[in-house]
Amino acid sequence: MPDGSPSAPRRKPAGELRSARWFGPADLRSFGHRSRAMQMGYAPEEWTGRPVIAIVNTFSDLQPCHMHFRQRVDDVKRGVLMAGGFPVELPALSVSESYVKPTTMMYRNMLAMETEELLRSHPVDGAVLLGGCDKTTPGLLLGATSMNIPAIFVPAGPMLRGNFQGKSLGSGSDSWKYWDELRAGKITEQDWAGVEAGIARSYGTCMTMGTASTMTAIAEAVGMVLPGGSSVPAADSGHIRLCSESGRRIVEMVWEDLTPARIQTPAAFRNAIAVAMAMGCSTNAIIHLIAMARRAGADIGLDDFERASRRVPVIANVRPSGTTYLMEDFYYAGGIRGLMARIAPHLDLACPTVSGRSLGENIAGARVFNDDVIRTLDNPIYGEGSLAVLKGNLAPDGCVIKPAAMDQRFLKHSGPALVFDDYPSMKRAVEDENLDVTADHVLVLRNAGPQGGPGMPEWGMLPMPKKLLKQGHRDMLRLSDARMSGTSYGACVLHVAPESWIGGPLALLRTGDVVAIDVAARSIRMEVSDEELARRRSAWTPPAPRYGRGYGWVYTKHIEQADQGCDFDFLRTGFGAAVPEPAIY
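(A) Here's a closer look at the nonpolar core. Counting residues in each nonpolar core, the largest one holds 108 residues, and the members touching the most others are L129, I218, V275, F305, F330, L339 and M340. Considering each element in turn, this core owes the most residues, eleven residues, to helix α12 (residues 266-279). The residues touching L129, leaving out its near neighbours within four places in the chain, are V56, T115, L140, L141, A144, A151, I152, F153 and V154. Formed by 31 residues, the second largest nonpolar core is a distinct cluster that contains M406, A417, V444 and V515.

Written out as structure tokens, the structure is:
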């Protein structure tokens, strides 16, 4: 195998299995472990000398993206049993993007902590991670990375395409589109009800290139998903087979001691950035990938995304960066393996993966069956990568924009700011048809970052003012320290760091100040003198804390800024000494 791949692994003796610490010793405590396993109906022959495989399942009755996990866990178990392992299901936080408020980003790190501690505290040797809805992918992988036992990720898969009056509907993207058409008076309430009923037709994640499909593709590019697994639709029978195959493979990974630390190298994360850029990825990719890389000990930051953005074009013609196709079409066209084969010059093909083979071996022979869905490098959707990182006196630590999914006239723009300190006041104002606003204004929302939101909600695709919609406008420059859904689009500047809540320069911006961006130059600034900014700084007072107790208090005390990945400071790999295995007495 190529250098760097996990070739000729040493096979771990059964006595070295981690679970043997619980079940093996001839003492009173292990007697209790064995007898309680027998209480559940298991015979010693089922676990003795066999890897115990945790299936961390993010199913819940309020997680529509993962409704099929109730059945898929049995498919994983079937694979584990076939390979000679002993499967156990461990439920975990479902983090439903559709229902969890104020935002799922508040709970990504909670899921990461739960995953790490579930795996540490139980007698397990390896893990299959069932996730896919936006924050579950990074949450599960963050926890598995910190625990560092063999682990494999199984994506939920995208749902089937939506349908309304014979037209395909895309998750999120068409919600925003038709909502604006309703507000502009272009469609009826009955039409809107038809969109509502037709946009989500099956279990699975958003079928646009939203955060879910972005992050599962990233998980595969990093090496944590079996080849091609990230693009299999949730309702396809291939997804059932993927689950079983992952169950079989994790048993072998335990014997090989193939841990995340051996797979998730700096080169693997650079591969993931390249894939994300080519996919037309969600802006959320930046936050999650930085957190994932730093948990793995890789020094990845905004500059790595900026370099990739200049080199790797968008070749996946999938909405919202693309114009027509959805993830189901992407899968039929060749999927993630086809895309990676096309950008192979930008990848380190020697990186190891959970398959036991290198990335290059995983994509060998991959083909593309529709050149309009997965373009060639010389015929891209957009000539640069999906995202651009801007810096300047408004965002000294950086902010993000998605040039491929916006009106190109705003790539270089300046205009007066229209500033709002909270979402309710902005929401009221944009519905006022007498609002003093033009298409040249820059709509600004602050206090929506990691602490201010709290949790950095997906508010960043600020609603277009109704006045402008009725004039025929569908985009304008918008600016915030919030995030936005990967299914969103428009000239939205996001993730402004430092955030306004903690006194970042965005806190000093006033209505009427001129904001200027130049995406080609990667610059953003407010046309306000340093002297005036200093006067405003001296008059600024920090807002009152959002939380006085509980998890919210912990969150706001320890959350990092967007450019650092929004991890908790105490979860960083270098924060303190490694956590030992639990004592068993």
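Once the structure has been displayed, the description carries forward.
(B) Structural view of the packing of aromatic side chains. Scanning the entire structure with this criterion turns up eleven aromatic pairs. Measuring from centroid to centroid gives 5.5 Å for Y107 and Y551, while their planes differ by 20°, and the two rings are stacked. Linking Y107 in the loop between β2 (86-91) and α5 (108-121) with Y551 in helix α21 (residues 550-558), this pair joins segments that are 444 residues apart in sequence. Ring centres 5.8 Å apart and planes at 50° place the aromatic pair Y331 and Y332 in the tilted group.

(C) Structural view of the packing of helix α6 (residues 136-147) against helix α13 (residues 284-295). At a closest axis distance of 9 Å, the pairing of α6 and α13 adopts a crossing angle of 10°. Classified by the angle between their axes, α6 and α13 sit roughly parallel to one another. Residues P138, L141, L142, G143, T145 and S146 of α6 form the contact with α13, whose own contacting residues are H288, A291, M292 and R295. Split into classes, the residues belonging to the contact of α6 with α13 amount to five nonpolar, four polar and one charged.

(D) Representation of the sheet that holds strand β4 (residues 151-155) in the model. Taken together, the four strands give an open sheet; going across it, the order is β2-β1-β3-β4, and neighbouring strands pair in parallel fashion. Every interior strand has two partners, whereas the edge strands, β2 and β4, have only one. Taking each pair of neighbouring strands and ignoring which way they run, the sheet shows an average axis angle of 20°. In terms of strand pairing, strand β1 (residues 52-57) meets β2 through six bridges, oriented parallel. Bridge pairing links I53 to P87 in β2. The strands touched by α6 within the sheet are β1, β3 (126-131) and β4, with β3 carrying the most contacts at an inclination of about 165°.

(E) Geometry of α21. For α21, the complete set of buried residues consists of G552, Y555 and T556. Down the axis of α21, the smallest arc covering the buried residues is 90°, so these residues share one side.

(F) How the structure looks around the packing of α5 against α6. Their axes nearest at 7 Å, the elements α5 and α6 cross at an angle of 40°. Here α5 lies oblique to α6, going by the angle between them. Crossing of α5 over α6 shows right-handed handedness. On α6, the residues touching R108, N109, L111, A112, T115, E116, L119 and R120 of α5 are T136, P138, G139, L140, L142, G143, A144, S146 and M147. Tallied by class, residues from the contact of α5 with α6 come to eight nonpolar, six polar and three charged.

(G) Looking closely at the pattern of salt bridges. Per the counting criterion, the structure on display carries 39 salt bridges. In this structure, D61 and R70 form a salt bridge, with 3.1 Å as the shortest nitrogen-oxygen distance. The exposure class assigned to D61 is exposed, which follows from its relative accessible area of 60%. Look at R70 and you get partly exposed, because its relative accessible area is 44%. Ionic pairing is found between R78 and D75, a salt bridge with its closest N-O pair at 3.3 Å. Highlighted residues: R78 and D75, both in helix α4 (residues 69-82), separated by three residues, approximately one helical turn. Since its relative accessible area comes to 39%, R78 is described here as partly exposed. We classify D75 as buried; its relative accessible area is 12%. Shared partners join several salt bridges into a network, and the residues in it are E97, D134, K135, E458 and R483.

(H) Seen up close, unusual backbone geometry. The amide bond that connects K101 to the next residue, P102, takes the cis arrangement and shows omega of 5°. Note that P102 resides in the loop between β2 and α5. Of note, the amide linkage connecting R319 to P320 takes the cis form, showing an omega dihedral of 10°. Within the element layout of this structure, P320 appears in the loop between α14 (302-311) and α15 (327-332). Even without glycine at this site, Q165 takes up a positive phi of about 50°. By the secondary structure assignment, Q165 is in the loop between β5 (162-164) and β6 (167-169). In this structure, M456 is a non-glycine residue whose phi angle is positive, near 55°. Structurally, M456 can be placed in the loop between β10 (442-445) and α19 (466-470).

(I) Seen up close, helix α20 (residues 530-539). If you check which residues of α20 are buried, you get E532, L533 and R536. For α20, the angular spread of buried residues about the axis comes to 100°, placing them on one side. Projecting away from the buried face of α20 at angles above 90 degrees are the exposed residues D530, E531, R535 and S538.

(J) Geometry of the pairing of β1. The buried count for β1 comes to six of six residues, which makes it a mostly enclosed element. Side chains V52, A54 and V56 of β1 all project onto a buried face; the interleaved residues I53, I55 and N57 project onto the opposite face, where all are buried too. Here β1 runs beside β3; their pairing, made up of five bridges, is parallel. What sits directly across from N57, in β3, is L130.

Conventions and cut-offs
Residues numbered from 1 in each chain as written. Predicted model: local features only at pLDDT ≥ 70, side-chain atom pairs only at ≥ 80, totals over all residues. Heavy atoms only, no water. Core = buried A, V, L, I, M, F, W, Y, C linked by side-chain atoms within 4.5 Å. Buried < 20%, exposed > 50% of the residue type's maximum accessible area, 1.4 Å probe, protein only. Helix = DSSP H or I, 4+ residues; strand = E, 2+ residues; numbered from the N terminus. Contact = heavy atoms within 4.5 Å. Phe/Tyr/Trp six-rings, centres within 6.5 Å; stacked < 30°, edge-to-face > 60°. Axes fitted to C-alpha atoms, helices over the stretch in contact; angles between N-to-C directions. Parallel < 35°, antiparallel > 145°, perpendicular 65-115°, else oblique. Nonpolar A, V, L, I, M, F, W, Y, C, P; charged D, E, K, R; others polar. Pairing = 2+ DSSP bridges. Arc of directions from axis to C-beta. Left-handed = near helix turned anticlockwise from the far one by under 90°. Salt bridge = Lys/Arg side-chain N within 4 Å of Asp/Glu carboxyl O.

Limitation: the analysis is restricted to geometry and does not speak to function.
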